[in-house]
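# Overview (structure and organization)
Spelled out from the first residue to the last, the chains are:
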Amino acid sequence: MSTAMDDLQNRWKDAKKNLSTNPRPAQEIISLAKAKKKSTLYHQYGNIGILTLVLIMILIFFYYLFPFQETLSRTGVAMMAGGLLLRILIEIFTVIKSLRIDLGETALKTTDDSLAYYKLRKTVNGPVTLTVVCIYSAGFYMLTPEFSKHFELCTMVAMEISYLVIAGVLIWQIRKGVLGEMKNLSDIVALKNELTSDQ
């Protein structure tokens, strides 16, 4: 009985040795991390592009097609444009931070850099994005008094409802993208931790 137990323990030790001597190659882990980082960066570039396009369209619309006269409305436009510009600048800042993470550095340094970046993106995608959406929405609703001078009540109601629907769809899309980005970032951290444990 003890020889069977000894044999089992020896096999377990041999299997453990084989696992520890044949870990996933560091280069493979770094390649996977680079692929995840690239995917996250593409998502951020897409955000910057879409937000810039929306900002340009808003500025053109409110400057050339429907220039507001009242201070409340102008403040609303400034809040909408300012919120978008702030979000664009934050995205650019986080892209720059991401580009500074060298995945070829020592595993420990890269893990620390990735964790810091992960925490930053979590903050940007959580409270910062929520604040920007609230500022933008408040700005939009500040336009309502002046819009109501030019449109009938049913048009105003349709506009307000359509804003809520569009905002809901956009929030759902943003959430979907953010969850994908957070998954990529947590995968990078897991890969880095695996690389660190192999050293």
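Structural data are supplied above this passage.
Right, let's walk through the structure included here.

### Regarding the packing of aromatic side chains
The final tally for this structure, using the stated rule, is 12 aromatic pairs. Relative to Phe62, the ring of Phe61 has its centre 4.9 Å away and its plane inclined at 75°; by these criteria the two rings are edge-to-face. A centroid spacing of 5.0 Å and a plane angle of 50° characterise the contact between Phe66 and Phe147, whose relative ring orientation is tilted. One end of the pair, Phe66, is in the loop between α2 (26-65) and α3 (71-99); the other, Phe147, is in helix α5 (residues 144-147), and 81 residues separate them in sequence. Like Phe66, the residue Phe147 is buried in the burial classification.

### Quick word on a nonpolar patch on the surface
Nonpolar side chains collect at one region of the surface, where Ile56, Ile60, Phe61, Tyr63, Tyr64 and Leu65 lie side by side and expose about 690 Å² of accessible area between them. The topology assignment puts Tyr63 in helix α2.

### Comments concerning the pattern of salt bridges
Enumeration over the complete set of coordinates arrives at 3 salt bridges. The closest approach of N and O atoms between Arg121 and Glu91, which form a salt bridge, is 3.2 Å. Of this pair, Arg121 sits in helix α4 (residues 107-142) while Glu91 is found in helix α3, placing the two residues 30 residues apart along the sequence. We note that Arg121, like Glu91, is buried. Through salt bridges with shared partners, one network takes in Arg87, Glu91 and Arg121.

### What about the layout of surface pockets?
The space that makes up the largest pocket amounts to roughly 1000 Å³. Looking at the lining of the largest pocket, the elements with two or more residues in it are α2, α3, α4 and α6 (153-198). Per element, the largest residue contribution to the lining of the largest pocket is 13 residues, and it comes from α6. Tallied by class, residues from the lining of the largest pocket come to 23 nonpolar, 8 polar and 3 charged.

### With respect to the side chain of Ser137
Structurally, Ser137 is set in helix α4. Assessed through its relative accessible area of 17%, Ser137 is described here as buried. Side chain to side chain, Ser137 and Tyr163 meet in a polar contact 2.8 Å long.

### Brief notes about the environment of Gly49
Locating Gly49 in the fold gives a position in helix α2. Taking the relative accessible area as the measure of exposure, Gly49 reaches 39% and is therefore partly exposed. Taking the C-alpha atoms as reference, Gly49 lies 8.7 Å from Ile88; in sequence the two are 39 residues apart.

The rules behind these values
Residues numbered from 1 in each chain as written. Predicted model: local features only at pLDDT ≥ 70, side-chain atom pairs only at ≥ 80, totals over all residues. Heavy atoms only, no water. Phe/Tyr/Trp six-rings, centres within 6.5 Å; stacked < 30°, edge-to-face > 60°. Helix = DSSP H or I, 4+ residues; strand = E, 2+ residues; numbered from the N terminus. Buried < 20%, exposed > 50% of the residue type's maximum accessible area, 1.4 Å probe, protein only. Patch = residues over 30% accessible without salt bridge, like charges linked within 9 Å, V, L, I, M, F, W, Y side chains within 5 Å. Areas by Shrake-Rupley, 256 points an atom, 1.4 Å probe, with all protein chains shown as cover. Salt bridge = Lys/Arg side-chain N within 4 Å of Asp/Glu carboxyl O. 1 Å grid on protein atoms, 1.4 Å probe; cavity = no way out; pocket = protein on both sides within 12 Å on 5 of 7 lines; lining within 4 Å. Points joined across faces, edges and corners; volume = space filled by probe spheres on them. Nonpolar A, V, L, I, M, F, W, Y, C, P; charged D, E, K, R; others polar. Polar contact = N/O pair within 3.5 Å; in protein donor to acceptor, adjacent residues only side chain to side chain.

Bear in mind that shape data such as this cannot, by itself, settle questions of function.
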